[in-house]
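Residues per chain, in single letters:
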Amino acid sequence: MSTADRPQLKKKKKTARRLLLILIILAIIVGAYFVNQERLRRANEEALAQLETVPYTRETLTSTISGAGTIHPRQSATLYWQTSGFVGEVSHAVGEVVTENTVLYRLDGSRLPAEILQAQLNLLNAQTGLQNLESDTDLQRVTLQNNLANAENTLTTLEQNLLALTDRECTEWRLTNLQTAYDDALESYREWSTQARWLQVQATRADLDFCDPVVIASETDTLNSQINLQKQNIAAWQADLEKIANGPDPDTKDKLELQLKLAEKQLEGQTINAPFDGTITSLNNKTGDTVTIGSPAAQIADLSELFVDVPVSEVDIPQIKVGQEAELVFDAFFEQTFSGTVVEVATIGVNTAGIVNYNVTIQLDSNHEGIRPGMTVGVNILIEEKPNTYTVPAESIVSRNGDYYVYVLRDEKPVEVEVKIGAYSSRKIEVLEADIQDGELILQSPPSSLMDSFMQMGR
């Protein structure tokens, strides 16, 4: 080998070594990739083996509509003081069951407010008025009869006077003579004022008035007014007498009875009574406390029946009917399931932020020991039963771009299968159409990252 060929040979050897090194590195990378893929495959298979599966089978699907609400009693009330005063007696304790009208509080009778004392006086007056109503009516009847008799006698006299006045007539020459006599008597009196001449003036004036048309007209008007007044009095007294002809005046009796009821109502403010049968849930006062009008005194609830109001969307409300059964789950009793029945469906919805819901009232069944008003409860209303239906667990369904899928275990690998779904319950969803055979295993709650990894490895 010539000296000129040696550098070329060295260069080729160096290039060959580089290529060999690159190939070795590539081989290591490829080997590591396959080793890593094998490890990933094994890890995925181990993770897949840990997942729960359910067989694809037919069963009876109970469709439900779910919601949540708060327990409330059949009836409850907050009781307020209707007067002021000092608490004198507290008759019961929180948690006691009481009957309607049971006294829970009573004011101190030795320190009653003025309005209660006035009510006591009004009560006494009304009671006395009612007790004396018959005797007072008898006296009123006699008084009215006397008034009528006197008024009728007076009316007769007035009418006779009017008749006499109407018949009074004087000739023109007599009226002239009487006027002359009066003028002369008056002139004589003015010239020489004596008692005798003044009496003469009065006498001639009386004679003139007897025939004077102006005086006669004035007296006629006066008599007519007096006659009309007597007739009005007679009509009023006759009407009053007719009212009490067979007993006390109904209006007077009604007024006294109303006064009595008002006084009794005011006196009720001395006590706080249970408005219905129920359980005392709170007491706000103790003996000696000062209370004022409108201050809260106690709360009572009828716990014999419990209810829950569940808002249901306008989309689902057509499926809700009175009488449907419901399952109820409480956080405080998570291991128990309680039952209830739909007893009322609201006809008017409530619009909240553009979403319309209708309240559905559910009554708990009688076995609700331990359940208290105010507890939050999850509700599943059973609206339909569909027998012989393919179902899958709700957590098996994967939603993507408006389509639904499940993962079926085939040859120990998950296979994504599109499904068309129908009715649903709180736990299961109906499958209307799917390329799945009876008995094939469906993955429950498939992790998306694990499923994506299998899908990528399968490509």
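Residues numbered from 1 in each chain as written. Predicted model: local features only at pLDDT ≥ 70, side-chain atom pairs only at ≥ 80, totals over all residues. Heavy atoms only, no water.

## Overview of the packing of aromatic side chains
For the structure on display, the rule yields six aromatic pairs. Ring geometry for Tyr56 against Tyr390: centres 4.5 Å apart, planes inclined by 0°, an arrangement best described as stacked. On the criterion of sequence distance, the pair formed by Tyr56 in the loop between β1 (53-55) and β2 (58-80) and Tyr390 in strand β14 (residues 376-393) is long-range, its members being 334 residues apart. For the pair shown, Tyr56 and Tyr390 are each scored as buried. With centroids separated by 5.5 Å and ring planes inclined at 50°, the aromatic side chains of Trp81 and Tyr105 adopt a geometry described as tilted. Of this pair, Trp81 sits in the loop between β2 and β3 (85-90) while Tyr105 sits in strand β5 (residues 103-107), and the two are 24 residues apart along the sequence. (Phe/Tyr/Trp six-rings, centres within 6.5 Å; stacked < 30°, edge-to-face > 60°. Helix = DSSP H or I, 4+ residues; strand = E, 2+ residues; numbered from the N terminus. Buried < 20%, exposed > 50% of the residue type's maximum accessible area, 1.4 Å probe, protein only.)

## A look at the environment of Asp277
Relative to the helices and strands, Asp277 is located in the loop between β6 (271-273) and β7 (278-283). The exposure class assigned to Asp277 is partly exposed, which follows from its relative accessible area of 45%. Along the backbone, Asp277 and Val98 are 179 residues apart, and their C-alpha atoms lie at a distance of 5.8 Å. Contact partners of Asp277, with chain neighbours within four places excluded, come to Val98, Thr99, Glu100 and Asp302. At 2.6 Å, the side chain of Asp277 forms a polar contact with the backbone nitrogen of Glu100. (Contact = heavy atoms within 4.5 Å. Polar contact = N/O pair within 3.5 Å; in protein donor to acceptor, adjacent residues only side chain to side chain.)

## Looking at the pairing of β14
Residues in a regular strand project their side chains so that they alternate between the two faces of the sheet. For β2 and β14, the ladder comprises 12 bridges, and the chain directions are antiparallel. Within β14, the position partnered with Ser63 by the bridge is Glu384. The pairing of strand β10 (residues 325-330) with β14 spans five bridges and is classified as antiparallel. Residue pairing for β14: Phe330 is matched across the bridge by Val377. Relative to strand β18 (residues 428-434), β14 is paired through three bridges, and the arrangement is antiparallel. From the neighbouring strand, Pro393 faces β18, where its bridge partner is Lys428. (Pairing = 2+ DSSP bridges.)

## Topic: the sheet that holds β6
Strands sit in the order β6-β5-β3-β8 across an open sheet of four strands; the sheet is antiparallel. In this open sheet, the two edge strands, each paired with only one partner strand, are β6 and β8 (290-291). In the sheet, β3 pairs with β5 via three bridges, with the strands oriented antiparallel. Residue pairing across strands places Val90 opposite Tyr105, the latter belonging to β5.

## A few points about the side chain of Asp302
Within the secondary structure layout, Asp302 lies in strand β9 (residues 296-313). Residue Asp302 is classed as buried on the basis of its relative accessible area of 9%. One polar contact links Asp302 to Ser304, side chain to side chain, over a distance of 2.6 Å. Sequence-distant contacts of Asp302, defined by excluding residues within four places in its chain, comprise Pro73, Arg74, Gln75, Phe276, Asp277 and Gly278.

## Observations regarding the layout of surface pockets
The gaps of empty space that remain are located by a probe, the size of a water molecule, rolled over the atoms. Estimates place the volume of the largest pocket at around 270 Å³. Considering the residues around the largest pocket, the lining is formed by 13 residues, among which Gln82, Glu268, Thr271, Ile272 and Asn273 are closest to the centre. For the lining of the largest pocket, the secondary structure elements donating two or more residues are β2 and β6. In terms of residue count, β6 provides more of the lining of the largest pocket than any other element does, three residues in total. In terms of residue class, the lining of the largest pocket is made up of five nonpolar, five polar and three charged. (1 Å grid on protein atoms, 1.4 Å probe; cavity = no way out; pocket = protein on both sides within 12 Å on 5 of 7 lines; lining within 4 Å. Points joined across faces, edges and corners; volume = space filled by probe spheres on them. Nonpolar A, V, L, I, M, F, W, Y, C, P; charged D, E, K, R; others polar.)

## Points about the state of the cysteines
Applying the stated criterion to the full structure yields one disulfide. With its sulfur 1.8 Å from that of its partner, Cys170 forms a disulfide with Cys211. Disulfide Cys170-Cys211: torsion about the S-S bond near -55°, hence left-handed. Of this pair, Cys170 sits in the loop between α3 (133-167) and α4 (172-191) while Cys211 sits in helix α5 (residues 195-211), and the two are 41 residues apart along the sequence. Exposure remark for Cys170: the relative accessible area of 26% places this residue in the partly exposed category. (Disulfide = S-S within 2.5 Å.)

All we've got here are geometric facts, nothing functional implied.
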